[in-house]
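A closer look at the structure
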Amino acid sequence: MRPLALSELLLTELQRDGGDAAVAPPLNRRLYLSLRGAVLSGRITAGVQLPSTRDLARDLSLSRNTVMSAINQLTAEGYLTARQGSGTFVSETLPELGPLSPAVRGRKPAPAASAADESPRELSRRGNLLTAQSGSADFEVQPFAPGEIEFAEFPIQLWQKLQAKYWRSLDRDLLDYGQEGGYMPLRVAIAGYLSLSRSVRVTPEQVLITSGTQQSLDLAARLLTDHGDDAWVENPCYWGARRALQAAGLKLKPIAVDAEGMAPSPADWQQGRPRLIYVTPSHQYPLGHVMSLQRRRALLQFAARQRCWIFEDDYDSEFRFGGRPYASLQGLDEHAQVLYSGTFSKVMYPGIRLGYLVVPTDLLGAFNTGLYDLYRPGQLMLQAALTDFITEGHLNTLIRRLRVAYQARRDELARRIQRCLGDRVQISGQESGLHLCLLFNAAGVDDEAIARAADAQGMTVRPLSRYFLGAPRQSGLILGYAYVPTERVPPWAQKLCQLIRGQLPD
Ligand SMILES: Cc1ncc(COP(=O)(O)O)c(C=O)c1O
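Now for a quick tour of the structure. Starting from 1, residues in each chain are numbered consecutively following that chain's sequence as written. Only residues with pLDDT of 70 or above have their local features reported here, since the model is predicted, and side-chain atom pairs are shown and tallied only from 80 upward, although totals for entire chains, interfaces and linings are computed over all residues. Only heavy atoms go into the side-chain values, all of them from the structure, while hydrogens and water stay out.

As for the pairing of strand 6 (residues 230-235)
- With a 1.4 Å probe rolled over the protein chains alone, any residue whose accessible area is under 20% of its type maximum counts as buried; one over 50% counts as exposed, and the rest are partly exposed. Secondary structure follows DSSP: runs of H or I at least 4 residues long count as helices, runs of E at least 2 residues long count as strands, and numbering of each begins at the N terminus. Counted residue by residue, strand 6 has five buried out of six residues, so it is predominantly covered.
- The pairing criterion for strands is at least two bridges between them, as found by DSSP. As paired strands, strand 6 and strand 7 (residues 251-258) are joined by six bridges and run parallel to one another. Across the sheet, A231 pairs through a bridge with L252, a residue of strand 7.
- Across three bridges, strand 6 lies against strand 9 (residues 276-279) in parallel orientation. Along strand 9, the bridge assignment pairs W232 with I277.

Written as structure tokens, this is what we have:
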């Protein structure tokens, strides 16, 4: 089959299966199903070479990651075979069929497979909703990928030593499930850190060790809300939070964000009845604004009046450049209605999967039970090593080093952007964290197209429009600077800025 004919066939299938965008499976799955169906029915025959992922992505107007995700899945399942140096081919032997029949081998076109053969396995409605739009998982680790961090600064040997110490002494209790909210010495260390650096009002008992923000949010949503309740989220909003809240069956109510953080309208303040409010007050994700004191007070008063919960996601405030980190919202709360969440994903590494949730005292029993019964937490060895890492001062040293490194990268990137793009853009949210948000001053800039073009040139930038619920209100790009060493920023920034300039109106 000609490469172009294959692309045309897939394009037709993708367009036909597009259906209702709200519930259709995500593009990578649709491509997977189309390709698999075409192989099974013999429309693409055994031994045929597929076009490169780059060509397929271009022909189908998809991101390369979407194509790679589908191809990798089919290769892992045995429908396709990757041959080193020569490309990807339709396998001679298919997983469901055994050796291919002559028809499928291409000697004779096979009759169309029955609908049952090709029909995708049904996900639940929740499953379709969750996978309907491809989110952050769609991105490769490339320069400017938001959320990616620098490992070069991480003291690997020290970390290995601390873990080895616990494995050598082999305290069997540390091999058990984590009960009662996690390893107590770690909870003590975190409580000390939070009350000192983040003005959180906390005792060690209130700190529950979770596997990160995602789990903290899932737990809070499951225990404090019911299916169909309203949840206020910032608009634009962090993908991960939206996913967790949607999975809990909450109706998301997007609340606009301005320079003072979440900005409910007069009608929202008067008529809103959320059960839970998700906010990132120290560094709004993705725009980067800090919530003003006035807005914090208003939100706390509203929550007290409505008897609703606030989930404070404080994901990266360790990296505030110049000045102390902002105090937490939880520290201002007089009614024990804020759940404060933090993570080690940014200050250590994302795969550590350790975070914490500070819970009001009267909810502790319920949250301990929920944590244990829903997730069977563990990793006590890791928690013990992390305790030493904190109490021996290594975490503070690491944060200080990373802050200097990230600030230099941010400065370099911001300088290059300003020099190249001048008043065509604004930079928002660069006072802290690991990313900045580039806002286009001209109306109607297609940030998705810029992100695709950047991807084709080996850079990962995220279109701001994707973070909005409903119609995007602004277009821009989220740029992570933590992953690119300072000396590599200039060439990458130049490449990106030139690309952007080519897409902006004069
Ligand atoms: C807004 C926000 N919250 C939390 C996290 C971290 O989540 P987790 O602790 O689940 O890794 C991130 C990671 O990028 C984030 O952007």
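Re the nonpolar core
- Think of a nonpolar core as a cluster: buried Ala, Val, Leu, Ile, Met, Phe, Trp, Tyr and Cys residues, connected wherever their side-chain atoms sit within 4.5 Å. Formed by 70 residues in total, the largest nonpolar core has its most connected members in W159, F344, M348, I417 and L438.
- Split by domain, the residues of this core number at least three in each of domain 2 (207-317 + 326-377) and domain 3 (404-503).
- By definition, residues are in contact when any of their heavy atoms lie within 4.5 Å. Ignoring anything within four residues of it in the chain, the contact list for W159 reads F154, M348, Y349, I352, L382, A385, L386 and F389.
- L217, V233, C237 and L364 belong to the second largest nonpolar core, which has 27 residues in total. Where each domain begins and ends is defined by an automated method or by a domain database.

Focus: the site of the ligand
- Nearness of a residue to a molecule or strand requires only that one of the residue's heavy atoms be within 4 Å of it. Taken together, G212, T213, Q214, Y238, Y278, Y285, D313, Y315, T343, S345, K346 and R353 are the residues near the ligand.
- Two N or O atoms form a polar contact when they lie within 3.5 Å of each other; inside protein one atom must be a possible hydrogen donor and the other a possible acceptor, and for residues adjacent in sequence the pair counts only when both atoms belong to side chains. Here an oxygen atom of the ligand sits 3.2 Å away from a polar atom, N or O, in the main chain of Q214.
- Residue exposure ignores everything except the shown protein chains as possible cover, and the areas themselves are Shrake-Rupley values with a 1.4 Å probe. Protein coverage of the free-state accessible area of the ligand, which is 400 Å², stands at 89%.
- Just so you know the grouping, Ala, Val, Leu, Ile, Met, Phe, Trp, Tyr, Cys and Pro go in nonpolar, Asp, Glu, Lys and Arg go in charged, and all remaining residues, Gly too, go in polar. Partitioned by chemical class, the residues of the shell around the ligand number four nonpolar, five polar and three charged.

Considerations on the sheet that holds strand 10 (residues 309-313)
- One open sheet holds the eight strands; their spatial order is 5-12-11-10-9-6-7-8, and the pairing between them is mixed. Looking at strand neighbours, the two that pair on one side only are strand 5 (207-210) and strand 8 (261-262), the edges of this open sheet.
- Lines fitted to the C-alpha atoms define the axes, with helices restricted to the stretch that makes contact. Angles between their N-to-C directions range from 0 to 180 degrees. Sitting on the sheet, helix 9 (residues 184-197) is in contact with strand 5, strand 11 (338-343) and strand 12 (355-358), with an inclination near 115° to strand 5.

Re helix 2 (residues 27-41)
- Here, expected helix span is obtained from the residue count minus one, scaled by 1.5 Å. If you check helix 2, its first and last C-alpha atoms are 21 Å apart, about what 15 residues at 1.5 Å a residue would give, namely 21 Å.
- Considered for burial, the residues of helix 2 that qualify are R30, L31, Y32, L33, S34, L35, R36, G37, A38, V39, L40 and S41.
- At the exit of helix 2 stands G42, carrying a positive phi of roughly 85°.

Focus: unusual backbone geometry
- For the bond running from N235 to P236, omega is 15°, close enough to zero to count as cis.
- Checked against the element boundaries, P236 lands in the loop between strand 6 and helix 11 (239-247).
- Here the bond from Y285 into P286 is cis, since omega is 15°, no more than 30 degrees from zero.
- Despite not being glycine, L170 has its phi angle at roughly 40°, a positive value.
- Along the polypeptide, L170 turns up in the loop between helix 8 (156-169) and helix 9.

What to know about the sheet that holds strand 13 (residues 425-428)
- Taken in spatial order, the four strands of this open sheet run 13-14-16-15, and their pairing is antiparallel. Looking at strand neighbours, the two that pair on one side only are strand 13 and strand 15 (462-463), the edges of this open sheet.
- Pairing between strand 13 and strand 14 (residues 435-440): four bridges, direction antiparallel. Bridge assignment links V425 to a residue of strand 14, and that residue is F440.

Quick look at the side chain of Q215
- Within the fold, Q215 resides in helix 10 (residues 213-224).
- Looking at Q215, its side chain comes within polar contact range of the main-chain nitrogen of S211, at 2.9 Å.
- For Q215, the contacting residues outside a window of four places in its chain are T210, L371 and Y375.

Some words on the packing of helix 16 (residues 394-421) against helix 18 (residues 489-503)
- Running from amino to carboxyl end, helix 16 crosses helix 18 at an angle of 35°, the nearest separation of the two axes being 9 Å. Every pair of crossing elements has a handedness; the one defined by helix 16 and helix 18 is right-handed. Here R409, E412, L413, R416, I417, C420 and L421 of helix 16 lie close against helix 18, whose contacting residues are V489, P490, A493, C497, Q498, I500 and R501.
- The class makeup of the residues in the contact of helix 16 with helix 18 is nine nonpolar, one polar and four charged. Here is the rule for handedness: rotate from the far helix to the near one, and if that takes an anticlockwise turn smaller than a right angle the crossing is left-handed, while a clockwise turn gives right-handed.

Considerations on the side chain of Q330
- Within the fold, Q330 resides in the loop between strand 10 and strand 11.
- In this structure Q330 touches V200, R201, E312, V338, Y340 and V358, once residues within four positions along its chain are discounted.

Some words on helix 15 (residues 380-391)
- For helix 15, built from 12 residues, the straight-helix expectation of 16 Å at 1.5 Å per residue is met to within 8% by its first-to-last C-alpha distance of 16 Å.
- Of all 12 residues making up helix 15, 11 are buried, and the element is well covered by its neighbours.
- Those residues of helix 15 not exposed but buried are L380, M381, L382, Q383, A384, A385, L386, T387, D388, F389 and I390.
- Elements that come into contact with the buried residues of helix 15 comprise helix 8, helix 9, strand 5 and helix 16.

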